[in-house]
Every structure is written in structure tokens, then in C-alpha cells.
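# Structure assessment
Residue-level listing of the chains:
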Amino acid sequence: MPSISGKLVHTSVPTKQKVCSKESSAKAQEEGHCQKLKRPSSDSQKKSLSTSGKTKPRESMPLSTKQDRIKSCFERASTKLYCLFLQASIPAFDKLNLLLQSDKPNIHVLGRELQAIYTDLLCKFVKPAVLVAASSVYTVDFRSLNNQKSENDLVIGTKTRQYLHACIADKSLQHEDVKLFYSSVKAYFSEACTYMQKKFPLQDELLRNAQVADISQREKVSFDCVRYFVDRFGLVKEDEMDELESQFVRYQIFSFSEDILSADRADVAWNMIGQLKNCTTQKSSFSVLVKVMLVILTIPHSNADSERVFSIVRKNRTEFRPN
């Protein structure tokens, strides 16, 4: 060992083994730090575990195959045949939809229009002799095959009939396809009539009596229809009943002007009738009757007006504009 001034001086030069151990420990610390940085959080671990446990979704069918299937479906002769039939049959319900969605008072014509649409549907697939023999169209057993028309007499539309004959001629439709089409047509009309019987007020007493407010039907209705609303809603006092009946019988034979008869709205027409005055007394000739008729016309014939209000509210009141 070297000595300085006779004293021993120990040098602190590390051995090779110690240097290596220090280097390895520093390297281990560095690697441990890196692992901490790379180690995922608990949330990401949960997410990876949850996603790893999921099964892969089944691969969807190639787009080209779907397109081919859709194309082949639309190219079938039967598809076009059914579309032509629907094109010919759906307009039968358009008149009813327009009537229910109208903002005009239609309570006085609703019962008659419902019966007309129901009768038109029956005429398309029920034998005429069955309809004539029935006491009422609502008693007709349209589900019975014996009461239904033959295939050639079913009302399916001119274009539908022409296309069907063309398909039979070129053999693009088999005999079984034609039979299935005719049975589907009968089932379609039968289900439509069944739905109307269950959902529509075809024989409602109020609708039947509300026809009294229809000026064009004044010669066919009776005072009992007026009495029905008076008794149900208490519209007229007891001492006014005689005057009401007197005005009603005069109304039935009165010759109204063309402006009243051709008025677009029933309530407008009755307001015009209310302005007619007696030449002697200069009072309204039909004051009590007009009051009753205007109350009848205020009865809503559908919920279309309410639906319009909700639609307007949904458009004006949004998540970002609550008031």
C-alpha cells in the first residue's frame, strides 16, 4: 500500500465485483421505473379484461350478396303483382284518412262515410246477392268462402288483372302462385273489414243521430235525433222544447239559398241560417235550432287536432329550448 508521510492511506478504489453490482442494481431500478410507466391503470386493465372476454361479432353478409338478393326479389313477377294490387286497393282508405285529418267539423257525416267505405270493401270480394239479401251490411258473414266472389270477379284493379294475365300467358307465374295471390287478396279484404268492425264506431248511436246537423239530409232525419242530444247534454230548457220542434219542422221544408247549401263548412252554413230573420218579428227564425246544431258540430270527429298540437309543441319545445 502506498504511504504518504509515513502514514498508511487506504484508497477507495472499488473492486470489479462491486462496480458490476452497482451497475446491475441501477439498471434494475431503471427497468422497474420503465415498467411502472408502461404498466396500465386499473381502469384500462378492467376495460381490456372486459373486451377480451367478448366474442367477436359474426361477420355480416357481403354487400354484393344482399344486393343480389334484393334485386332478385324485386325482379320476381309475384312482387310486382302484389305491388300493383296494393296500388289499386289503398286509395279506398284515402278518403277516410282525409276525413279524419280534416280540421272542419265532420261529426255529422262521419257515420255515413264510415258505412260507405265499409260497404265498398265488402263489394270488392263479397257476392252481390249476399249483400242484397242481408238486413244490414254489418250482419254479412264475409269470412265464409261461400259468400265470397270467385277469383275472376274479385276487384283487384285493371293493371293488376292485365299483368296477371300476361304472367299466366308467359308462364312467369305458376298455378300455385296464382292461387296464393287470390287467397291473399281475399284475406286482405277480410282483415280490413274485421279491423273496421273492431276499431271504428260503425254503429255508434251518437254518429247516427249527428246526421241531423247535415243540411242535405234534413228531409230524411227526424226530431228524435235532435231530442237525443237535448236529453244527453241538456242543451235546451224544458219550456223551449216546443219552440225547438216547431223550428225543426219549418227547417225541414225551408228553401235555403245556394250560398247556404254550398257552404264549405257546416258550422258556417248554420251561422248563416241563424242570421235568417222572421219578416214580422225581425227575430231569428231558427235561433233555438241553430244553438243545438252548433253544439253538435263542436263534437270532435277524431283526435287529429290534438295530435297537431302535440306536434307543434315538440317542434317548439326542445332539449335546448324548454320554454
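Residues numbered from 1 in each chain as written. Predicted model: local features only at pLDDT ≥ 70, side-chain atom pairs only at ≥ 80, totals over all residues. Heavy atoms only, no water.

Time to look at the packing of aromatic side chains. Tallied over the entire structure, the rule returns 19 aromatic pairs. The interplanar angle of 45° and the centroid separation of 6.0 Å between the aromatic rings of Phe248 and Tyr251 together place this pair among those described as tilted. Placement of both Phe248 and Tyr251 in helix H12 (residues 241–253) is noted, with a separation of 3 residues, approximately one turn of the helix. Plain terms: the ring middles of Tyr251 and Trp270 are 5.1 Å apart, the flat faces sit at 40° to each other, and that makes the pair tilted. You can see Tyr251 sitting in helix H12 and its partner Trp270 sitting in helix H14 (residues 266–274), a full 19 residues away along the chain. On the basis of relative accessibility, which here comes to 0%, the residue Trp270 falls in the buried class. Aromatic ring contacts, followed pair by pair, group Tyr82, Phe85, Phe125, Phe142, Phe181, Tyr182, Tyr188 and Phe189 into a single cluster. (Phe/Tyr/Trp six-rings, centres within 6.5 Å; stacked < 30°, edge-to-face > 60°. Helix = DSSP H or I, 4+ residues; strand = E, 2+ residues; numbered from the N terminus. Buried < 20%, exposed > 50% of the residue type's maximum accessible area, 1.4 Å probe, protein only.)

Bringing the pattern of salt bridges into the picture now. Taken as a whole and judged by the stated rule, the model has 7 salt bridges. Where Glu113 meets Lys95, a salt bridge forms, and the shortest distance between an N and an O atom there is 3.4 Å. On the criterion of sequence distance, the pair formed by Glu113 in helix H6 (residues 107–125) and Lys95 in helix H5 (residues 91–101) is long-range, its members being 18 residues apart. The class for Lys95 is exposed, based on a relative accessible area of 53%. Residue Glu151 pairs with Lys179 through a salt bridge whose shortest N-O separation is 3.2 Å. Highlighted residues: Glu151 in the loop between helix H7 (128–133) and helix H8 (158–169) and Lys179 in helix H9 (residues 175–199), separated in sequence by 28 residues. (Salt bridge = Lys/Arg side-chain N within 4 Å of Asp/Glu carboxyl O.)

Attention shifts here to the packing of helix H4 (residues 77–89) against H9. Contact pair H4 / H9: the axes reach a minimum separation of 12 Å and the direction vectors enclose 30°. One way to sum up the angle between H4 and H9 is to call them roughly parallel. Seen along the crossing, H4 lies across H9 with a hand that is right-handed. Contacts between H4 and H9 pair Leu81, Tyr82, Phe85, Leu86 and Ser89 from the former with Leu180, Phe181, Ser184, Val185, Tyr188 and Phe189 from the latter. (Axes fitted to C-alpha atoms, helices over the stretch in contact; angles between N-to-C directions. Parallel < 35°, antiparallel > 145°, perpendicular 65-115°, else oblique. Left-handed = near helix turned anticlockwise from the far one by under 90°. Contact = heavy atoms within 4.5 Å.)

Let us now look at H5. Among all positions in H5, only Phe93, Leu96 and Leu99 are buried. Looking straight down H5, one finds that the buried residues subtend no more than 115° of arc, so they occupy a single side. Residues of H5 that are exposed and point more than 90 degrees away from the buried face comprise Lys95 and Leu98. (Arc of directions from axis to C-beta.)

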